[in-house]
Amino acid sequence: MNDEIKELLEGVKNGNISVDDAMHQLKTKPFKDIGYAKLDTHRALRNGVGEIIYGAGKTPAQIIGIIDTLKESNQDRILITRISPEKADEVKKAHDLTYYEDAKIAIIGGMPKANGKGTIVVATGGTSDIPVAEEAALTAEFLGNNVKRIYDVGVAGIHRTLSHLDDIVDANVIIAIAGMEGALASVLGGLAECPVIAVPTSVGYGASFGGISALLSMLNSCANGISVVNIDNGFGAAYQASLINHR
């Protein structure tokens, strides 16, 4: 969207488009009401990233309608999170998309060339945390970042973490994803000078309370430079990491 606005203004400057025509394009309503959704068509202009579709709770027909409207507003790349395989199959009948089942993510329009300042490291405590990690990693790549995945490096075998020390100290941002007691974030926070975004997951036995135990551990970390997002919120962590990596 920012590129399109710049081209529009350059067109006025060069005499390729009239002031009135440019005004008409800029005055279009900043959202489109399609009944079940009000789509923010100016979000990319304000925030740098267009609307992202949260797939859970929406029907395939609703998702298709939202995609149609975003495309009409010149949003060619679209990210859909938390979309089931069944919904993705239905949406694929109307729009060409790539589906990542582990992450429950669908992407229309492909990945952009990375333009972030450094690398975002996505690390997990265990293999069971990978679905949340892939949501984070794919979101970060969709937002134009280089991503390094470091999976199953939890504190039960700290030597596994230390074997990736070069990646950890070279990272511009780290996303630490862990369930159980959530200690990985503290370990990485004590090793790296970059910001660490901690993601508690709902992985664990009964006393983990669906991720609350890891959430509280991460919030109470004694390592500096750690911020914490909601349970299983790989998307939110990646969005924040991308903001940091593009500053």
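Before any of the text, the structure's been laid out above.
Computed from a predicted structure; not experimentally measured.

1. Considering the packing of helix H4 (residues 60-72) against helix H5 (residues 85-92)
Where H4 contacts H5, the two axes come as close as 9 Å, and the packing angle between them is 50 degrees. When the interaxial angle is binned, H4 and H5 end up oblique. As for how H4 packs across H5, the hand of that crossing is right-handed. Counting all contacts with H4, which are made through Pro60, Ile63, Ile64 and Ile67, the residues of H5 involved are Lys87, Glu90 and Val91.

2. Describing the pairing of strand S9 (residues 173-178)
The element S9 is extensively covered by neighbouring structure, given that six of its six residues are classed as buried. In S9, alternate side chains face the same way, and those of Val173, Ile175 and Ile177 on one face and Ile174, Ala176 and Ala178 on the other are all buried. With five bridges joining them, S9 and strand S10 (residues 196-200) adopt parallel strand pairing. Looking at the pairing, Ile174 lines up with Val196 of S10. Taken together, S9, helix H9 (residues 184-191) and S10 constitute a β-α-β crossover, and its handedness is right-handed.

3. Quick look at the nonpolar core
Note on soluble globular proteins: their nonpolar side chains tend to be buried together. Val121, Ala123, Ile174, Leu184, Ala185, Leu188 and Ile226 are the most contacted members of the largest nonpolar core, which has 19 residues in total. Of all the elements in the fold, those that place two or more residues in this core are strand S7 (119-124), S9, H9 and S10. Apart from the residues within four sequence positions on either side, Ile226 is in contact with Ala185, Ser186, Gly189, Val196, Ala198, Met218 and Ser221.

4. Comments concerning a negative patch on the surface
Together, Glu86, Asp89, Glu101 and Asp102 make up a region of like negative charge exposed at the surface. Along the chain, the position of Glu101 falls in the loop between strand S5 (98-100) and strand S6 (105-108). Judged by its relative accessible area of 48%, Glu101 is partly exposed.

5. Observations concerning the pattern of salt bridges
Counted according to the given criterion, the structure contains five salt bridges. For the salt bridge of Glu135 with Arg82, the shortest nitrogen-to-oxygen distance reads 2.6 Å. Of the two residues, Glu135 sits in helix H6 (residues 130-142) while Arg82 sits in the loop between strand S4 (78-81) and H5, which places them 53 residues apart along the sequence. Under the relative-accessibility criterion, Glu135 is labelled buried at 2%. Where Lys93 meets Glu90, a salt bridge forms, and the shortest distance between an N and an O atom there is 3.1 Å. For Lys93, a relative accessible area of 67% gives the class exposed. Salt bridges here are not isolated pairs; linked through shared partners, they connect Glu134, Glu141 and Arg149.

6. Observations concerning the packing of H6 against helix H11 (residues 234-245)
Following both chains from N to C, one finds H6 and H11 inclined at 35 degrees, their axes separated by 7 Å at the closest point. Viewed along their axes, H6 and H11 form a crossing whose handedness is right-handed. Every residue of H11 that contacts H6 at Val132, Glu135, Ala136, Thr139 and Ala140 is listed here: Gly234, Phe235 and Ala238. Residue classes in the contact of H6 with H11 are distributed as five nonpolar, two polar and one charged.

7. A word on the sheet that holds S5
Strand order in the open sheet formed by four strands is S3-S4-S6-S5, and the pairing between neighbours is mixed. Pairing within the sheet leaves two strands with one partner each, and these edge strands are strand S3 (53-54) and S5. The pairing of S5 with S6 spans three bridges and is antiparallel. Residue pairing across strands places Tyr100 opposite Ile105, the latter belonging to S6.

8. Some points on a nonpolar patch on the surface
There is a patch of nonpolar side chains on the surface, built from Val155, Ile158, Leu162, Leu165, Val169 and Leu191 and spanning about 400 Å² of accessible area. Only helix H7 (158-162) and helix H8 (165-170) provide two or more residues apiece to the nonpolar patch. Within the element layout of this structure, Leu162 appears in helix H7. The partly exposed category is assigned to Leu162, whose relative accessible area is 43%.

9. A word on the packing of aromatic side chains
Under the definition given, this model contains one aromatic pair. Sitting over the ring of Phe142, Arg77 keeps its end group 4.2 Å from the ring centre.

10. Remarks on the environment of Ala207
Tracing the backbone shows Ala207 in the loop between S10 and helix H10 (212-219). Along the primary structure Ala207 and Glu181 are separated by 26 residues, whereas in three dimensions their C-alpha atoms are 9.8 Å apart.

Thresholds, definitions, all that
- Residues numbered from 1 in each chain as written.
- Predicted model: local features only at pLDDT ≥ 70, side-chain atom pairs only at ≥ 80, totals over all residues.
- Heavy atoms only, no water.
- Axes fitted to C-alpha atoms, helices over the stretch in contact; angles between N-to-C directions.
- Helix = DSSP H or I, 4+ residues; strand = E, 2+ residues; numbered from the N terminus.
- Parallel < 35°, antiparallel > 145°, perpendicular 65-115°, else oblique.
- Left-handed = near helix turned anticlockwise from the far one by under 90°.
- Contact = heavy atoms within 4.5 Å.
- Buried < 20%, exposed > 50% of the residue type's maximum accessible area, 1.4 Å probe, protein only.
- Pairing = 2+ DSSP bridges.
- Right-handed = clockwise from strand over helix to strand, strands pointing away.
- Core = buried A, V, L, I, M, F, W, Y, C linked by side-chain atoms within 4.5 Å.
- Patch = residues over 30% accessible without salt bridge, like charges linked within 9 Å, V, L, I, M, F, W, Y side chains within 5 Å.
- Areas by Shrake-Rupley, 256 points an atom, 1.4 Å probe, with all protein chains shown as cover.
- Salt bridge = Lys/Arg side-chain N within 4 Å of Asp/Glu carboxyl O.
- Lys, Arg positive; Asp, Glu negative; His and termini not counted.
- Charge placed at Lys NZ, Arg CZ, Asp CG, Glu CD.
- Nonpolar A, V, L, I, M, F, W, Y, C, P; charged D, E, K, R; others polar.
- Phe/Tyr/Trp six-rings, centres within 6.5 Å; stacked < 30°, edge-to-face > 60°.
- Lys NZ or Arg CZ within 6 Å of the ring centre and 35° of its normal.

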